[in-house]
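Now for the letters of each chain:
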Amino acid sequence: MKILAVCGFGVGSSMVLKMALDKVAKDLGVEVEVENTDLSTAKATEADAYFTSAELVSELENSVKNPVYPIHKFMDKKEVKEQFEKYLATLKEE
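### So, the side chain of T52
With respect to the helices, strands and loops of the structure, T52 is situated in strand β3 (residues 49–53). Among all residues touching T52, those that are not within four sequence positions of it are V6, C7, L17, V57, L60, V68, Y69, P70, I71 and F74.

Have a look at this one:
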């Protein structure tokens, strides 16, 4: 599975989010490829799910076909885990 961690410029905060997603996936025993990127690149890149700031959700949702999950605090492992688990739950429904 491929996940994108997205921020406005694809450098600072998306890297922090990527590291949090990697850690959560490892803790849950889930094999995942997480990449950090900027908003423009994310719009043109297919992924199974997108994680980004709440401010960028609507713009990203209008440009991609797979689910977008808002994260308010990129360093909050509990919040990242909750959103990641929401994504995993959608996989079980399919």
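### Brief notes about the pairing of strand β1 (residues 2–7)
Within β1, five of the six residues are buried, which leaves it mostly tucked inside the rest of the structure. Bridging between β1 and strand β2 (residues 33–38) involves six bridges; their strand directions are parallel. Bridging from a neighbouring strand, K2 pairs with E33 of β2. Note that the unit made of β1, helix α1 (residues 12–28) and β2 has a crossover that is right-handed. The pairing of β1 with β3 spans four bridges and is classified as parallel. Residue I3 lies in a different strand from β3, and its bridge partner there is A49.

### Digging into the sheet that holds β2
In spatial order, the strands read β2-β1-β3-β4; together these four strands make up an open sheet with parallel pairing. Lying at the two open borders of the sheet, with one neighbouring strand each, are β2 and β4 (68–71). In this sheet, neighbouring strand axes are inclined to one another by 25° on average, regardless of whether the strands run parallel or antiparallel. Bridge analysis of β3 against β4 gives four bridges, and the strand direction is parallel. Its bridge partner lying in β4, F51 is registered against Y69. Relative to the sheet, α1 contacts β1, β2, β3 and β4, its axis offset from that of β1 by approximately 145°.

### Describing helix α4 (residues 77–93)
When the terminal C-alpha atoms of α4 are compared, their 24 Å separation across 17 residues agrees well with the 24 Å that a helix rising 1.5 Å per residue should span. Here α4 has its buried residues at E79, V80, Q83, F84, Y87 and L88. On its buried face, α4 is in contact with β1, α1, β3 and β4. Its side-chain oxygen at 3.1 Å from the backbone nitrogen of K78, D76 defines the N-terminal cap of α4.

### Focus on the nonpolar core
Residues I3, L17, L21, F51, V80, F84 and Y87 are the most contacted members of the largest nonpolar core, which totals 17 residues. When residues of this core are traced back to their parent elements, those giving at least two are β1, α1, β3, β4 and α4. The greatest single-element share of this core, amounting to five residues, is contributed by α1. Not counting residues within four places of it along the chain, the set of residues in contact with L17 comprises A5, V6, F51, T52, I71, F74 and V80. A47, V57, L60 and V68 belong to the second-largest nonpolar core, a separate cluster that totals 11 residues.

About the criteria used
- Residues numbered from 1 in each chain as written.
- Predicted model: local features only at pLDDT ≥ 70, side-chain atom pairs only at ≥ 80, totals over all residues.
- Heavy atoms only, no water.
- Helix = DSSP H or I, 4+ residues; strand = E, 2+ residues; numbered from the N terminus.
- Contact = heavy atoms within 4.5 Å.
- Buried < 20%, exposed > 50% of the residue type's maximum accessible area, 1.4 Å probe, protein only.
- Pairing = 2+ DSSP bridges.
- Right-handed = clockwise from strand over helix to strand, strands pointing away.
- Axes fitted to C-alpha atoms, helices over the stretch in contact; angles between N-to-C directions.
- Expected span 1.5 Å × (residues − 1).
- Polar contact = N/O pair within 3.5 Å; in protein donor to acceptor, adjacent residues only side chain to side chain.
- Core = buried A, V, L, I, M, F, W, Y, C linked by side-chain atoms within 4.5 Å.

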